[in-house]
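# Remarks on the overall topology
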Protein chains: 2
Amino acid sequence: MQVLNPDFQEAMRSNFLFMDINKEDFATILQGTSVCELRAGEILFSQKQPATDFFLLVEGKIKISLLSFEGTQKVVDIINPGNTFAEVIILNGMEGYPVNAKALSNATVLRINAQKYIQVLSNSSEACLKVISRLSARLHWLMNEMERLSLHNASYRLISYLLEDIHHESVEETKVMLGAPKRIIASRISVTPETFSRTLKNLTKDDLIEVFDEHILVKNPSKLREMLFI
Amino acid sequence: MQVLNPDFQEAMRSNFLFMDINKEDFATILQGTSVCELRAGEILFSQKQPATDFFLLVEGKIKISLLSFEGTQKVVDIINPGNTFAEVIILNGMEGYPVNAKALSNATVLRINAQKYIQVLSNSSEACLKVISRLSARLHWLMNEMERLSLHNASYRLISYLLEDIHHESVEETKVMLGAPKRIIASRISVTPETFSRTLKNLTKDDLIEVFDEHILVKNPSKLREMLFI
DNA sequence: GTAATGACTTGATCAACATCAAGGTCATCC
DNA sequence: GGATGACCTTGATGTTGATCAAGTCATTAC
């Protein structure tokens, strides 16, 4: 039996659907897993074809599309590396793929046998619960992130970032360590380094924070909190 | 045995964790479910308290926070109506809550007995798989939505919206019905009606689309697609 | 008929940010 | 010691899109 490249195993392990599967069970799943190298434009599966596998994209881009009457093709999803696709179809026990999957670029995908995976989950409610837990946690995180990014302006997003990292109930001064170059944090909250710098300066001018090399001193947490009307 | 108000049952059913549970199983879960009315500021549970239930917020806002050494309180999450919380703790089988939950406003929450819920899932791998499937689908959707909203400017978001709704592979003209007032669609893609109107006009000027009352005629799908570098 | 309403458009103005360009500081390397 | 390169800051300028205000239709109300 051929063994899956450790890098690929790693890739699977870092996906929520496989993260918490125990060793033996994971080995079982690996038995049903193989690597597909796709050329740009190549079709991975198409509508109505029996749904026997789902997939984890390692590299490249995959387009999921739907063919309606008269050949109209609607793009349902574009898959990026690290994500699984068609797992929803599998988990719902559908007979055939209701969509088409086509490589938009050269791509590497792992083809995971549905039956093996389902077998593992079916036999281990523990694994199931863990997976549900992971997905649920990820959902919470994503919704938070979305909320933050939808905060209208740069100051708000910065403040929200600072408060997330400290958030006393108290009114005391607090250090926020920024364990990463400022430009990284800037991109995390979706502003340019320049704007980030200027925003920090503004908050400093208003005597709300003080900026150091390795950390930011939040001088007035409660006032900042007010600015977010939380 | 007291029966849970149908409205509340409805609320549960529209959450992914309960959506696909069959009738009997759902009844079992309901046996372990009760309503809590919280006053603003009231504490629902606190750190280290045994974790016997998780919750679905029906109305109000709940703050989830973490108490570290020396009384520093860090806000981990703000829960909004429709969402569950503490389910991750439960599903991971943790003994006690690692966080505090406090009502930020008057709030209505459903308290769901962990043991009952887990029992149901444990006995039905089918239900488990359905739940995983739902969560997974929701994740895909959210990630898509995030991507769209992170598209830098209004034209991009509008184009992305249009393409999502048609997306021929072909180059032919296509109608996109907009089954909702324009201002609704505008808010969907996070622009004001004014900007929406102007953006449509621009695309019309470039001969890419044509605007009608009930639909938009996309005259050059492939050119639009290029503009998104997909 | 006239008035009132609601959805959309259009124009003018303004604030927020990105971008471009030019320094400044600091650590590392030769 | 001087050169190099990362990272950050600062200033000038341009674009984008929100906001305010006014105007167009079409529909419904009186």
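Residues numbered from 1 in each chain as written. Chains lettered and ligands numbered in written order. Predicted model: local features only at pLDDT ≥ 70, side-chain atom pairs only at ≥ 80, totals over all residues. Heavy atoms only, no water.

So, on to the sheet that holds strand S5 (residues 73-79) of chain B. All names here are of chain B. Overall, antiparallel pairing links the 4 strands, which are arranged S2-S7-S4-S5 in an open sheet. Two strands close off the open sheet at either side, each with one partner strand: strand S2 (43-45) and S5. Strand-to-strand twist of the sheet, defined as the mean angle between neighbouring strand axes without regard to direction, takes the value 30°. (Pairing = 2+ DSSP bridges. Helix = DSSP H or I, 4+ residues; strand = E, 2+ residues; numbered from the N terminus. Axes fitted to C-alpha atoms, helices over the stretch in contact; angles between N-to-C directions.)

A few words on the state of the cysteines. Per the stated rule, a full pass over the model turns up 0 disulfides over all chains. Just so you know, B:Cys128 is unpaired, no disulfide at all, and the nearest cysteine sulfur is the one on A:Cys128, 3.7 Å from it. The class for B:Cys128 is buried, based on a relative accessible area of 0%. (Disulfide = S-S within 2.5 Å. Buried < 20%, exposed > 50% of the residue type's maximum accessible area, 1.4 Å probe, protein only.)

This part takes up the protein's contact with DNA strand D. Around DNA strand D, 15 residues are found, and the nearest of them are A:Lys182, A:Arg183, B:Asn153, B:Ala154 and B:Thr195. Separating a phosphate oxygen of DNA strand D from a backbone N or O atom of A:Lys182 is a distance of 2.5 Å. A distance of 2.5 Å separates a phosphate oxygen of DNA strand D from a polar atom in the side chain of B:Thr195. Listing elements by their share of the surface near DNA strand D, those giving two or more residues are helix H8 (182-188) and helix H9 (193-205) of chain A together with helix H9 (193-205) of chain B. (Near = heavy atom within 4 Å. Polar contact = N/O pair within 3.5 Å; in protein donor to acceptor, adjacent residues only side chain to side chain.)

Moving on to the packing of helix H5 (residues 114-123) of chain A against helix H6 (residues 125-149) of chain B. It is at 9 Å that the axes of H5(A) and H6(B) come closest, and there the two elements cross at 120°. Considering their axes alone, H5(A) and H6(B) lie oblique with respect to each other. H6(B) is crossed by H5(A), and the crossing has right-handed handedness. Contact residues: A:Ile118, A:Leu121 and A:Ser122 in H5(A); B:Ser125, B:Leu129 and B:Ile132 in H6(B). Across the contact of H5(A) with H6(B), the residue classes break down as 4 nonpolar, 2 polar and no charged. (Parallel < 35°, antiparallel > 145°, perpendicular 65-115°, else oblique. Left-handed = near helix turned anticlockwise from the far one by under 90°. Contact = heavy atoms within 4.5 Å. Nonpolar A, V, L, I, M, F, W, Y, C, P; charged D, E, K, R; others polar.)

Attention shifts here to the protein's contact with DNA strand C. Lining the immediate surroundings of DNA strand C are 15 residues, of which A:Asn153, A:Ala154, A:Thr195, B:Lys182 and B:Arg198 lie closest. Here a base oxygen of DNA strand C and a side-chain polar atom of A:Arg198 are 2.9 Å apart. Within the backbone of B:Lys182, a nitrogen or oxygen atom sits 2.7 Å from a phosphate oxygen of DNA strand C. Looking at the surface near DNA strand C element by element, the count peaks at 4 residues for H9(B). Residue composition of the surface near DNA strand C, by class: 3 nonpolar, 5 polar and 7 charged.

Bring the parts together and some accessible area is lost; that lost area is often taken as the interface size. Between chain B and chain A, the contact holds 48 residues from the first and 49 residues from the second. Around 4,300 Å² of area is buried between chain B and chain A when both sides are counted, 62% of it from carbon and sulfur atoms. Three residues stand out in chain B for area buried against chain A, namely B:Leu129, B:Ile132 and B:Met146, and they jointly supply 14% of the buried area on that side. Summed over the shared surface of chain B and chain A, the number is 10 residue pairs in polar contact (both at pLDDT 80 or more). Going through the elements one at a time, S5, strand S6 (84-85), helix H4 (87-91), helix H5 (114-123), H6 and helix H7 (154-165) of chain B are the ones with two or more residues in the side of chain B that touches chain A. Top element by residues in the side of chain B that touches chain A is H6(B). It accounts for 20 residues. Class assignment for the residues of the side of chain B that touches chain A results in 22 nonpolar, 14 polar and 12 charged. (Buried area = accessible area lost by both parts, 1.4 Å probe.)

Right, let's talk about the sheet that holds strand S7 (residues 100-103) of chain A for a bit. All names here are of chain A. As summarised here, the arrangement of the 4 strands in space is S2-S7-S4-S5, forming an open sheet in which the pairing is antiparallel. At either end of the open sheet lies a strand with only one pairing partner, and these are strand S2 (43-45) and strand S5 (73-79). Each adjacent strand pair in this sheet contributes to an overall mean axis angle of 30°, direction not counted. Pairing analysis gives 2 bridges linking S2 to S7, with the strands arranged antiparallel. Residue Phe45 lies in a different strand from S7, and its bridge partner there is Ala101.

By size, the foremost hydrophobic cluster in this structure holds 94 residues, and its most contacted members are A:Met12, A:Ile62, A:Phe85, B:Met12, B:Ile62 and B:Phe85. When neighbours within four sequence positions are excluded, A:Met12 is seen to be in contact with A:Leu4, A:Phe18, A:Phe26, A:Ile29, A:Leu30, A:Thr33, A:Leu56, A:Leu110 and A:Ile112. (Core = buried A, V, L, I, M, F, W, Y, C linked by side-chain atoms within 4.5 Å.)

To continue, consider the pattern of salt bridges. Residues and elements named next belong to chain A. Overall, the coordinates contain 16 salt bridges over all chains when judged by the stated rule. A salt bridge links Arg111 to Asp53, with the shortest nitrogen-to-oxygen separation between them at 2.9 Å. Here Asp53 lies in strand S3 (residues 53-59) and Arg111 lies in strand S8 (residues 107-113), a separation of 58 residues in the sequence. Here Arg111 falls in the partly exposed class, since its relative accessible area comes to 24%. Two residues, Lys205 and Asp206, come together in a salt bridge whose shortest N-O distance is 3.9 Å. Lys205 sits in the exposed class, given a relative accessible area of 64%. Under the relative-accessibility criterion, Asp206 is labelled partly exposed at 47%. Each of Glu145, Arg148 and Arg188 takes part in salt bridges that share partners, so that together they form one network. (Salt bridge = Lys/Arg side-chain N within 4 Å of Asp/Glu carboxyl O.)

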